[in-house]
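Spelled out, the chains give:
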Amino acid sequence: GFIYYRNPVPVAGCLVIDAKDRILLIKRGVEPAKGAWSLPAGFIELGETPSAAAHRELYEETGVRGKIVCLHGIYYEPSHRYKSLLVSIYQFRPTTHKPRAGDDAEAVGFFPLRRMPRLGLATHRRILRDYLKKKGKG
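These remarks concern the structure in this document.

The rules behind the values
Residues numbered from 1 in each chain as written. Predicted model: local features only at pLDDT ≥ 70, side-chain atom pairs only at ≥ 80, totals over all residues. Heavy atoms only, no water. Helix = DSSP H or I, 4+ residues; strand = E, 2+ residues; numbered from the N terminus. Rg over C-alpha atoms; globule rule 2.2 N^0.38 Å. Contact = heavy atoms within 4.5 Å. Areas by Shrake-Rupley, 256 points an atom, 1.4 Å probe, with all protein chains shown as cover. Lys, Arg positive; Asp, Glu negative; His and termini not counted. Charge placed at Lys NZ, Arg CZ, Asp CG, Glu CD. Pairing = 2+ DSSP bridges. Axes fitted to C-alpha atoms, helices over the stretch in contact; angles between N-to-C directions. Polar contact = N/O pair within 3.5 Å; in protein donor to acceptor, adjacent residues only side chain to side chain.

Glancing now at the overall build of the protein. If you tally the helices and strands in the protein, you get two helices and seven strands. The secondary structure elements of the protein, listed N-terminal to C-terminal, are β-β-β-β-α-β-β-β-α. For 138 residues, the compact-globule estimate of 2.2 N^0.38 gives 14 Å, and the C-alpha radius of gyration of the protein, at 15 Å, lies within 12% of that figure. With the C-alpha coordinates of the protein rotated into their principal frame, the extents come out at 55 × 30 × 30 Å. Sequence separation of 24 or more characterises 67% of the internal contacts of the protein that already satisfy a separation of 6 or more. With the model as given, the accessible surface of the protein reaches about 8,000 Å², and the carbon-plus-sulfur share is 54%. Here the protein contributes 24 positive and 13 negative side-chain charges, whose respective centroids are spaced 8 Å apart.

On to the environment of E60. As for its position among the elements, E60 is in helix α1 (residues 50–62). Separated by 41 residues in sequence, E60 and A101 place their C-alpha atoms 8.5 Å apart. Among all residues touching E60, those that are not within four sequence positions of it are R100, G102 and D103.

This part is about the sheet that holds strand β1 (residues 9–16). Sheet architecture is open: four strands sit in the order β4-β1-β6-β5, paired in mixed fashion. Two strands lie at the open edges of the sheet, namely β4 (41–43) and β5 (66–79), each paired on one side alone. Neighbouring strand axes in the sheet, compared pairwise and without regard to direction, differ in orientation by 20° on average. Note: β5 against strand β6 (residues 83–94), 12 bridges, orientation antiparallel. Paired with P78 across the two strands is S84, which belongs to β6. In the packing of α1 onto the sheet, the strands contacted are β1, β4, β5 and β6, and the crossing angle to β1 comes to about 60°. Here helix α2 (residues 122–135) sits on the sheet in contact with β1, β4, β5 and β6, set at roughly 135° to β5.

Attention now moves to the side chain of S79. Inspection of the secondary structure assignment puts S79 in strand β5. Among the polar contacts listed, one links the side chain of S79 to the backbone nitrogen of R81, at a separation of 3.4 Å. With residues up to four places along the chain from it excluded, the contact list for S79 reads S84 and L85.

In structure tokens:
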């Protein structure tokens, strides 16, 4: 009489683009991809909406606050540890501009699109490609 569903783990992430068309990235301080650059992202907590989780993760990992511009997209990502992730990515405009590395981050900074480091997670690379296609630069 009981069905156990094995569902993807929900994640919220941030695509933060400033007025100079630079993207905010973190250098990951934890696995997976420790030491690689990525978008700020993290697990959605119980009772938390995806957008609230995105705001929280943005501030926790970068010290930056922002306003959501739009839901950029929903992505499915296989995971060795969690089997699968469902990633909600929100596009933000920053309202504060002095990033500092927070929890789970070794470093943080804004990068021009033409001089960005390679992102360490395949899903984050796909998110960036989709953003560039939408802008007509990809």
